[in-house]
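Coordinates in review
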Amino acid sequence: MSSTVPATSSSWKRNQQRLAPWLFLAPGMIMFSIYVIIPIFQSIWISFYDWDGLGAKTWIGMANYVELLDDEAFYTSLKNNILWLVLYLLAVPAGLAVALFLNQTVTGIRLYKSLFFFPFVISQVVVGLIFTWFYAPDFGLLSALIKAVSGENIAILADERYVTLGIIAAGLWPQIAYCMILYLTGLNNINPEQVEAARMDGAKGWSLLWNIILPQLGPATFIAIVVTVIGALRSFDLVSIMTDGGPYGSSRVLSFYMYEQALSEYGYRMGYGAAIAVVLFMIMMVFITLFIVRMLMQERNA
Amino acid sequence: MNSFKAALALGYALTVSTAFAGELVVNSDQTDPAPKKAMETLIEGFKAAHPDVTVKWNNFDHEGYKSAIRNFLTADAPDVVSWYSGNRMAPFVKAGLFEDVSDLWAENKLDDQLKSAVKSMEIDGKKWGIPYSYYQWGIYYRKDIFEKEGITPPKNWAELIAACEKIKAAGMTPFAIGTKALWPTGGWFDYLDLRVNGYEFHMDLTAGKVPYTDPKVKAVFEKWAELVKPGYFLENHAAIDWQDAIPQFVQGKAPMYLMGNFAVAAMVDGGLKADQIGFLQFPEITAGIPMAEDAPTESFHIPSGAKNKEDARKFLAYLATPEAQTKMNEVLGQLPVNNQSAKSNDPFLKAGFEMLANAYALAQFYDRDAPAEMAKAGMEGFQQFMVKPDNVDAILARLEKARGRIYK
């Protein structure tokens, strides 16, 4: 007994330096693997099966993916996702514009800032409902305006040409506020000496913004783009609230289509839903890899 | 899979307390005022008849129930659940999650009393639940407006088209409809198919035996186009739900509405008097085809994993009695399935009862007769057709592709 205790304690002492970091990392790593890593592989695994979530699974290999290639609804969703990705990025310059506009010392500027930030605080579901009423034919504010101007009654959320644009516009409202707040904090950290020096050299207006301010906002821009890209790819709540994918499925995005196939009342095709999820994951992987590579490069340079 | 089930069971146990011995757990989705009250009436009646059984009722949100039922049937089954008959219960029956209750039917001689619902409760020759209520579908119209415009309720297709022309000429849209939730389109397809091709063809189609590219299906859409193309349905119907179309009906902007009987309550709430509303059976299209109707049936079932099956059988037996069904349906404003129940005095229920009693056969509704996946694809196609009637061939080709995949 007396001989074993020192032996273990010495082996602990010998390896302490090596083991301690792993012990501290363990809780995080376990959580991360249970909730993120393992489900990713499980999802990929399920995508090779035909499974309704209740009965037995049948191995069908690549059949789910083959079906995806020939599925009109999948291409509609993919097209809408790309539209989301491109248009949602407008939130970054728009957020910057609002931030520059609000970055001044006027009495009550804090109040204005919080009012501009307000949309981001509201739940996405509420944003969706507000915009649904805004667009509603006959009594909505926007459709009343359109009718007054053009004499036509356009139901934005019932028209396959405008529906996705309408939902993206609703999504931009809170997203611009988010980008704005990122830029406002960035603007606080701007080096006033540099700005002053540039002014002395005669820089003003666009050239001041482009050459002095924007480079210093680099980190804020990076974060704004990251959150916006991710926000665009996982857009689901607004689609579900505002149109439920309609009219006739023309406002679906991949995440919504996956939900519809795997989990909604009319679906329960777990394998097919998983296959859609895998495709979405691959698309996201492209962006995630880009971001990580950039971050690693910056860390190395620093 | 087992750990998945265990996790579900844990989550379920945390949200819904489970049964103690001698307790009957009933899960259902009756959160609307009338169904909730009807359910309370049923439970009170059952308690009076069986004072030794305590009933624990878990009431779920209607939409949430549809996914919750899959979890609790596999993880921790209650003793009685509400669900729908027809093809909607097929997945649970095939997965062995529902209990065969043919013995209850035989014991209580329900084949006679619940005659009209026998077909919809049967799968593989066995009965899987007890139906207690149904309601009719048909065209509700504004009696006062019809009188003012000198329109008599149409009995056949030509008269219906003539009535539509008259209404349109008077500056109104003939039919109210809101298709955002898709299912109202199913009612239209059901009736057009039942009247153009008849009940047998409709059942074959929803059972996946007939291709959607069949010329007979195309004929249904040709009739439908006669209403869509001249603009006889509310514009922008794809943006609104069925309730949102009620104001148009109440304000007299759209004096006809193909709907289930539950719409009457909403119309009366909107400010119409009962004598302003008329009910008419969907007119004949192909002469000589026997008239079948849509009448969705509501039912209760016993999960095969139930712990208290003995009391669950008592509960279902009580549910099948004419007294229980009379009381419940008085509150619901619907028709009892048991043909020995007392008749209602409500004029719409009377009209519905007469129509259904003489009906050649009853369909359950497109989204219950067809499997869920096909129903979704189908109703999406119907909605698209009602917006873009010229795309009919592309839509039918897409539905045929879906049929090929879904009915294997």
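Scroll up for the structure.
Here goes a summary of the coordinates provided.

Scoring rules and cut-offs
- Residues numbered from 1 in each chain as written.
- Chains lettered and ligands numbered in written order.
- Predicted model: local features only at pLDDT ≥ 70, side-chain atom pairs only at ≥ 80, totals over all residues.
- Heavy atoms only, no water.
- Pairing = 2+ DSSP bridges.
- Helix = DSSP H or I, 4+ residues; strand = E, 2+ residues; numbered from the N terminus.
- Expected span 1.5 Å × (residues − 1).
- Buried < 20%, exposed > 50% of the residue type's maximum accessible area, 1.4 Å probe, protein only.
- Arc of directions from axis to C-beta.
- Contact = heavy atoms within 4.5 Å.
- Axes fitted to C-alpha atoms, helices over the stretch in contact; angles between N-to-C directions.

This brings us to the sheet that holds strand 6 (residues 130-134) of chain B. Residue and element names in this part refer to chain B. Reading across from one edge, 2-1-3-12-6-13 is the order of the six strands in this open sheet, with mixed pairing throughout. Single-partner strands in this sheet number two, and they are strand 2 (54-59) and strand 13 (335-336). The pairing of strand 6 with strand 13 spans two bridges and is classified as antiparallel. Within the sheet, the bridge partner assigned to Tyr-134 lies in strand 13 and is Leu-335.

All names here are of chain A. Between the first and last C-alpha of helix 10 (residues 205-216) there are 16 Å, a value that for 12 residues agrees with the 16 Å anticipated at 1.5 Å per step. Regarding helix 10, the residues found buried are Leu-208, Leu-209, Ile-212 and Ile-213. Projected down its long axis, helix 10 shows its buried positions confined to an angular sector of 125°, all on one face. Those residues of helix 10 that are exposed and angled more than 90 degrees off the buried face are Trp-206, Trp-210 and Pro-215. Close packing links the buried residues of helix 10 with helix 4 (91-102), helix 8 (163-188) and helix 9 (192-200).

What follows concerns the sheet that holds strand 8 (residues 175-176) of chain B. Residue and element names in this part refer to chain B. With respect to topology, four strands assemble into an open sheet ordered 8-9-7-10, the strand pairing being mixed. On the outer flanks of this sheet lie strand 8 and strand 10 (277-280), each paired with one strand and no other. Taken together, the five bridges between strand 7 (residues 137-142) and strand 9 (residues 256-260) define a ladder with antiparallel strand orientation. Looking at strand 9, one finds that Tyr-141 is bridged to Met-256. Against the sheet, helix 13 (residues 242-250) contacts strand 7, strand 8 and strand 9, and its axis sits at roughly 140° relative to strand 9. Together, strand 7 and strand 10 form the strand contacts of helix 17 (residues 347-357), whose direction differs from that of strand 10 by roughly 5°.

It is worth spelling out the environment of Met267(B) at this point. All names here are of chain B. Inspection of the secondary structure puts Met-267 in helix 14 (residues 263-269). When the C-alpha positions of Met-267 and Gln-243 are compared, they lie 9.2 Å apart, and in sequence the two are 24 residues distant. In this structure Met-267 touches Tyr-140, Ile-246, Phe-249, Val-250, Tyr-257, Leu-272 and Ile-277, once residues within four positions along its chain are discounted.

Residues and elements named next belong to chain B. With six of six residues buried, strand 7 lies mostly within the body of the structure. Relative to strand 10, strand 7 runs antiparallel, the two being bridged by four bridges. Note on strand 10: the bridge partner recorded for Ile-139 is Leu-280.

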